[in-house]
Amino acid sequence: MKLMFVPETAEKIKSMEIRGAGRIARAAAEALRDHALSLKVKDLPAFREEMERAAGLLVATRPTAVSLPNAVHIVMAGLGGATGLENARSGLVSRADGFIDSSRHAVEKIARFGARHIRDGDVILTHCNSEVALGCIIEAHRSGREIEVFATEVRPRNQGHITIRTLNDAGIKTNFIVDSAVRSFIHDVDIVIVGADAVTVNGAVVNKIGTSQVAHTAAEARVNMIVAAETYKFAPRTIIGELITIEERPPDEVLPAAIARTLPCVTVRNPAFDVTPPEYIDLIVTEAGAIPPQMAYVIIREYLGWGIEEFQKLPAINHTFGQDNGQTE
Ligand code: RI2
């Protein structure tokens, strides 16, 4: 077994070598598990202190995908009530394994539930690269439905390139378009399916930049918009009034530094995510079933099952890009 040490995993998440909200959550759980297994400390307080430091390092890597702090919180809960060092170690390892396992099952379940919304002959549009959204599309294809996909390029990081390779390898007929071509093709589309990095208590969905434009275009054309999201992508701290931080990434992802240097009056802005308000979303497909966005509160309270005190213990969110971007509308 290759040990995924915490700083190495943290660096890979930060640089997006490991990316996608579900994958970074599982990678963080794996890193905490491996760290716990390899830690040589003398007692429980030292173990706790070292694990909390590791958890903080992982959570600080990317601020938007709430799956990351949620996964870390779930794994670290394995320390609660531990009576000795070995007891704490095994508690944490089993919470991490449990999270990784349930995450994989959630992805499979959502694929099956989501695929039922895709009919024979449907044309689907997807934006960015979401394993759960793609899972629904591939499952529909596997179960014999004749489908076609429009996949966007996804500037500036080109996650659409990963999406078209996956679709191509699955043998699915795919059209690759630039992000700004969505409105030109929306009348050829029957259904939009995307993933999520976070779902707020009012049912707003935070996902790759451009998702809200896609959603707005779909609503205008009366095309249904489905979001595929595991329950650990719902954001508990939005219940106590916190907003999701929108990550703003380096400007050179958008414009090479050599060109930017020649344009002193130009500032490059590079927010990685945007917020789609609940009224543009028809359904959120979770492993607990499909819900209207207005039921997000129920998932946070009932399915994640955390009390207010526990929400307050979750890692704090400290910076918000722009206004609240519709998160509380
Ligand atoms: P899954 C990604 O973020 C995209 O925004 C994608 O829609 C979302 O995470 C969910 O991905 P990034 O890591 O968990 O590319 O469905 O910035 O794979």
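In what follows, the structure referred to is the one given above.
**Student:** Hey, could you go over the pattern of salt bridges for me, with residue numbers and the actual values?
**Tutor:** A complete count under the given rule lists 19 salt bridges for this structure. Its salt-bridge partner being Glu 131, residue Arg 23 comes within 3.8 Å of it at the nearest N-O pair. Remark: Glu 131 occurs in helix α6 (residues 131-142) and Arg 23 occurs in helix α2 (residues 21-38); sequence separation between them is 108 residues. On the basis of relative accessibility, which here comes to 37%, the residue Arg 23 falls in the partly exposed class. The partner of Arg 119 in a salt bridge is Asp 122, with the nearest N and O atoms 3.0 Å apart. By relative accessible area, Asp 122 is classed as buried at 3%. Linked through salt bridges whose partners overlap, the residues forming this network are Arg 62, Arg 157, Glu 247, Arg 249 and Glu 253.

**Student:** Please set out the site of the ligand residue by residue, giving values where relevant.
**Tutor:** What surrounds the ligand is a group of 18 residues, the closest being Arg 19, Ser 130, Asp 197, Asn 207 and Lys 233. For the ligand, an oxygen atom lies 2.7 Å from a polar atom in the side chain of Ser 130. A distance of 2.7 Å separates an oxygen atom of the ligand from a polar atom in the side chain of Lys 208. Surface burial for the ligand is 100%, taken as the share of its 450 Å² of free accessible area covered by protein chains. Most atoms of the ligand, that is more than half of them, are within 2 Å of grid points of the largest cavity.

**Student:** Talk me through the pairing of strand β1 (residues 123-126); I want residue IDs and the actual numbers.
**Tutor:** Residues Val 123 and Leu 125 point to one face of β1 and Ile 124 and Thr 126 to the other, with burial holding for every one of them. Bridging between β1 and strand β2 (residues 148-152) involves 4 bridges; their strand directions are parallel. Note that in β2 the partner of Ile 124 across the bridge is Val 149. Of the crossover connections in this fold, the one passing from β1 over α6 to the parallel β2 is right-handed. Bridging between β1 and strand β4 (residues 191-194) involves 2 bridges; their strand directions are parallel.

**Student:** Talk me through helix α7 (residues 159-169); I want residue IDs and the actual numbers.
**Tutor:** Since the α-helix packs 3.6 residues into each turn, any two residues three or four apart lie on the same face. Taken residue by residue, α7 has Gln 159, Gly 160, Thr 163 and Leu 167 as its buried positions. The arc that holds the buried residues of α7, viewed along the axis, is 100°, so those residues lie on one side. Residues of α7 that are exposed and angled more than 90 degrees away from the buried face: Arg 165, Asn 168 and Asp 169. Taken together, the buried residues of α7 touch β1, α6, β2, β3 (173-177) and β6 (205-208). Once α7 finishes, Gly 171 follows within two positions and takes phi at roughly 80°, a positive value.

**Student:** How would you summarise empty space enclosed by the protein if you had to cite specific residues and measurements?
**Tutor:** The tally for this structure, following the rule as stated, stands at 2 cavities of 30 Å³ or more. The space that makes up the largest cavity amounts to roughly 220 Å³. The wall of the largest cavity is formed by 22 residues, among which Arg 19, Gly 20, Ala 21, Asn 129 and Asp 197 lie closest to the centre. If you list the elements that add at least two residues to the lining of the largest cavity, you get α2, α6 and β6. Looking at the lining of the largest cavity, its residues break down into 8 nonpolar, 7 polar and 7 charged. Computed from the structure, the second largest cavity encloses a volume of approximately 60 Å³. Contributing to the lining of the second largest cavity are Val 154, Arg 155, Pro 156, Arg 157, Gln 159, Lys 208, Ile 209, Arg 249, Glu 253, Asn 270, Pro 271 and Ala 272.

**Student:** Give me the lowdown on a nonpolar patch on the surface, citing residues and values where you can.
**Tutor:** The grouping of Ile 259, Leu 263 and Val 266 at the surface amounts to a nonpolar patch, some 230 Å² of accessible area in total. Mapped onto the secondary structure, Ile 259 falls in helix α10 (residues 257-260).

**Student:** Explain the sheet that holds strand β10 (residues 289-291) to me, using residue names and the numbers behind them.
**Tutor:** With respect to topology, 7 strands assemble into an open sheet ordered β3-β2-β1-β4-β7-β9-β10, the strand pairing being mixed. Each having just a single partner strand, β3 and β10 make up the two edges of the open sheet. For this sheet the average axis-to-axis angle between neighbouring strands, irrespective of direction, equals 25°. Pairing of strand β9 (residues 283-286) with β10, which is carried by 3 bridges, proceeds in the antiparallel orientation. Along β10, the bridge assignment pairs Val 285 with Ala 290.

**Student:** Please provide a residue-by-residue account of the nonpolar core, values included.
**Tutor:** Among the nonpolar cores identified, the biggest contains 38 residues, and Leu 32, Phe 47, Met 51, Met 76 and Leu 92 are the most heavily contacted of them. Taken together, the elements giving at least two residues each to this core come down to α1 (6-14), α2, α3 (44-59), α4 (67-76) and α5 (85-115). By residue number, the principal contributor to this core is α2, which donates 9 residues. If we skip the residues at most four places from it in the chain, Leu 32 touches Met 51, Ala 54, Ala 55, Leu 58, Val 72, Val 75, Met 76 and Leu 92. Counting residues in each nonpolar core, the second largest holds 29 residues, with Ile 186, Ala 196, Val 205 and Val 223 among its members.

Rules and cut-offs
- Residues numbered from 1 in each chain as written.
- Predicted model: local features only at pLDDT ≥ 70, side-chain atom pairs only at ≥ 80, totals over all residues.
- Heavy atoms only, no water.
- Salt bridge = Lys/Arg side-chain N within 4 Å of Asp/Glu carboxyl O.
- Helix = DSSP H or I, 4+ residues; strand = E, 2+ residues; numbered from the N terminus.
- Buried < 20%, exposed > 50% of the residue type's maximum accessible area, 1.4 Å probe, protein only.
- Near = heavy atom within 4 Å.
- Polar contact = N/O pair within 3.5 Å; in protein donor to acceptor, adjacent residues only side chain to side chain.
- Areas by Shrake-Rupley, 256 points an atom, 1.4 Å probe, with all protein chains shown as cover.
- 1 Å grid on protein atoms, 1.4 Å probe; cavity = no way out; pocket = protein on both sides within 12 Å on 5 of 7 lines; lining within 4 Å.
- Sits in = over half its atoms within 2 Å of the grid points.
- Pairing = 2+ DSSP bridges.
- Right-handed = clockwise from strand over helix to strand, strands pointing away.
- Arc of directions from axis to C-beta.
- Contact = heavy atoms within 4.5 Å.
- Points joined across faces, edges and corners; volume = space filled by probe spheres on them.
- Nonpolar A, V, L, I, M, F, W, Y, C, P; charged D, E, K, R; others polar.
- Patch = residues over 30% accessible without salt bridge, like charges linked within 9 Å, V, L, I, M, F, W, Y side chains within 5 Å.
- Axes fitted to C-alpha atoms, helices over the stretch in contact; angles between N-to-C directions.
- Core = buried A, V, L, I, M, F, W, Y, C linked by side-chain atoms within 4.5 Å.

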